[in-house]
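# Summary of structural features
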Amino acid sequence: MKLPFTDLGLLHKQDKEEFMKVFEKCLDNSAFIMGEYITELEKGICEFLNCKYAIGVSSGTDALYIPLLAAGIKEGDEVIVPDLTFVATANAVAYIGAKPIFADVDSETWCIDPEDIKKKITSKTRCIIPVHLYGHPADMDPINEIAKEYGLYVIEDAAEAHGAGYKGRKVGSLGDAGVFSFYGNKIITTGEGGMITTNNKDLYERAKFLKDHAMSKEKRYFHPEIGFNYRLTNIQAALGVAQLERIEELINKKRQIFNWYKEYLSDFDKIILNHEKEWAKNVYWMVCMVLKDDANVKRDELMKRLKDEGIDTRPFFYPISEMPMYVKNLNYNNPFTKHLSERGLNLPSGVNLNNEDAKWICTTIKMILKGV
Ligand SMILES: *Cc1c(COP(=O)(O)O)cnc(C)c1O
């Protein structure tokens, strides 16, 4: 048996039908680029999150870059990001010319540690980007409090956490702006695409203006500054609308997959799986497994052995502070990031996975870790 690591949303049979339906609708209206689905998706996301404004863009990375720009973050400013995240979180800061400062993560949520944010604030700090890693929300209340105290922006990177809950509210609606990705392996997908969300009208207007060539509202084809093209197409948006209609089903499936793994690994104490804090709803974008120190096989060896058995896995993200372009920034000591990064792996988590698959994967993991 061979198992794909994550199924690209579009590859599911069900989703292929969905795609054909959507495509036909767009064909009927000859509306591939601009059209009503963009607005419909933006409205749908606002309703889903209970937030005021949403702007469709071409990727999650652009969705990070634009609010930074719209907030007026500039060269020489510092932006605090978690050390354990996908590299785009830090790169968006670097595109601005600002400096990403890497904070350590919490040992349970694996998201940015508010205590460490405090330690890394300087007179140059302008913004914090908490990341809701692997589907678990960052602890937003203390982060927002710190931001208020120091006058900082908070941009939530929710690229991996569509629908994740924080004290009854949804991530992406809790800071100055929220960021979503609709890349092929995310909770909902448009192939490529992203969304900016906010409750701040000024930020919304400014972001919308910048992402669409900075065209003057009063004077068509007059551009008072240099803008960008970060548009989402109507076809992508139509696919997004169809995906959003069944987001609860997709999230429930992710949670079910996690519960299968949890059940089949519950009798085994050499590993830790994703946490879910009492104030959180985890959407388990990825089922994650962290090897304890007394596990008799190292992470990379385990991944190789699983691969030999036909089970594809991914390592946790590497600390961004150790990557060549950022390593010079500061001398970092982020022990939890380092710990998790060396011992963590993502297990197959695609929504097509079934109970039998999970059982078989867990049996194989235990067999390898018990040295049988
Ligand atoms: C996927 C991802 C992004 C980037 O999204 P793209 O759509 O691939 O540009 C940013 N941040 C995090 C945490 C991600 O997982």
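This section reports on the structure supplied with the text.

Criteria and cut-off values
- Residues numbered from 1 in each chain as written.
- Predicted model: local features only at pLDDT ≥ 70, side-chain atom pairs only at ≥ 80, totals over all residues.
- Heavy atoms only, no water.
- Buried < 20%, exposed > 50% of the residue type's maximum accessible area, 1.4 Å probe, protein only.
- Helix = DSSP H or I, 4+ residues; strand = E, 2+ residues; numbered from the N terminus.
- Pairing = 2+ DSSP bridges.
- Near = heavy atom within 4 Å.
- Polar contact = N/O pair within 3.5 Å; in protein donor to acceptor, adjacent residues only side chain to side chain.
- Areas by Shrake-Rupley, 256 points an atom, 1.4 Å probe, with all protein chains shown as cover.
- Nonpolar A, V, L, I, M, F, W, Y, C, P; charged D, E, K, R; others polar.
- Contact = heavy atoms within 4.5 Å.
- Axes fitted to C-alpha atoms, helices over the stretch in contact; angles between N-to-C directions.
- Phe/Tyr/Trp six-rings, centres within 6.5 Å; stacked < 30°, edge-to-face > 60°.

### Concerning the pairing of strand β3 (residues 99-103)
In terms of residue burial, β3 counts as a mostly covered element, since 4 of its 5 residues are buried. Bridge analysis of strand β2 (residues 78-82) against β3 gives 5 bridges, and the strand direction is parallel. Paired with V81 across the two strands is F102, which belongs to β3.

### Observations regarding unusual backbone geometry
Negative phi is the rule for most residues except glycine; trans is the rule for most peptide bonds. In this structure, H213 takes a positive phi of about 65° despite not being glycine. By secondary structure assignment, the location of H213 is in the loop between α7 (201-211) and α8 (234-245). Under the relative-accessibility criterion, H213 is labelled partly exposed at 35%. In this structure, Y284 takes a positive phi of about 45° despite not being glycine.

### Comments concerning the sheet that holds strand β11 (residues 280-281)
Taken together, 3 strands build an open sheet; the order of strands is β7-β6-β11 and the sheet is antiparallel. With partners counted over all chains shown, the strands left at the sheet margins are β7 (169-170) and β11, one partner each. In terms of strand pairing, strand β6 (residues 165-166) meets β11 through 2 bridges, oriented antiparallel. Each bridged residue has a counterpart across the sheet, and for Y166 the counterpart in β11 is A280.

### Things to note about the site of the ligand
As a structural note, the neighbourhood of the ligand is formed by 16 residues, with G60, T61, E160, S181 and K186 the closest of them. At 2.8 Å, a backbone N or O of G60 approaches an oxygen atom of the ligand. Starting from 380 Å² of accessible surface for the ligand in isolation, the protein chains cover 92%. Looking at the shell around the ligand, the elements that each hand over two or more residues are α3 (60-70) and α4 (88-96). Residue contributions to the shell around the ligand peak at 3 residues, all from α3. Within the shell around the ligand, the residues separate by chemical class into 6 nonpolar, 7 polar and 3 charged.

### Brief notes about the sheet that holds strand β13 (residues 314-315)
Pairing within the open sheet is antiparallel, and its 4 strands lie in the order β10-β12-β14-β13. This sheet does not close on itself; its edge strands, each paired only once, are β10 (271-273) and β13. Here strand β12 (residues 287-291) pairs with strand β14 (residues 344-347) via 4 bridges, running antiparallel. Within β14, the position partnered with V290 by the bridge is G344. Packing of helix α9 (residues 247-265) onto the sheet brings it into contact with β10, β12 and β14, and relative to β10 it is tilted by some 155°.

### So, the packing of aromatic side chains
Taken as a whole, this structure holds 14 aromatic pairs when the rule is applied. Between Y65 and Y230 the ring centres are 6.2 Å apart and the planes differ by 85°, which places this aromatic pair in the edge-to-face class. Residue Y65 is found in helix α3, and its partner Y230 is found in the loop between α7 and α8; the two are separated by 165 residues along the sequence. A relative accessible area of 10% means that Y65 is categorised as buried. By relative accessible area, which is 17% here, Y230 ends up buried. Ring centres of Y134 and W285 lie 6.4 Å apart, and the angle between their planes is 15°; this geometry places the pair in the stacked category. Taken together, the positions of Y134 in the loop between β4 (125-128) and α6 (140-150) and W285 in the loop between β11 and β12 put the pair 151 residues apart, joining distant regions of the chain. Assigned by exposure class, Y134 and W285 land together as buried.

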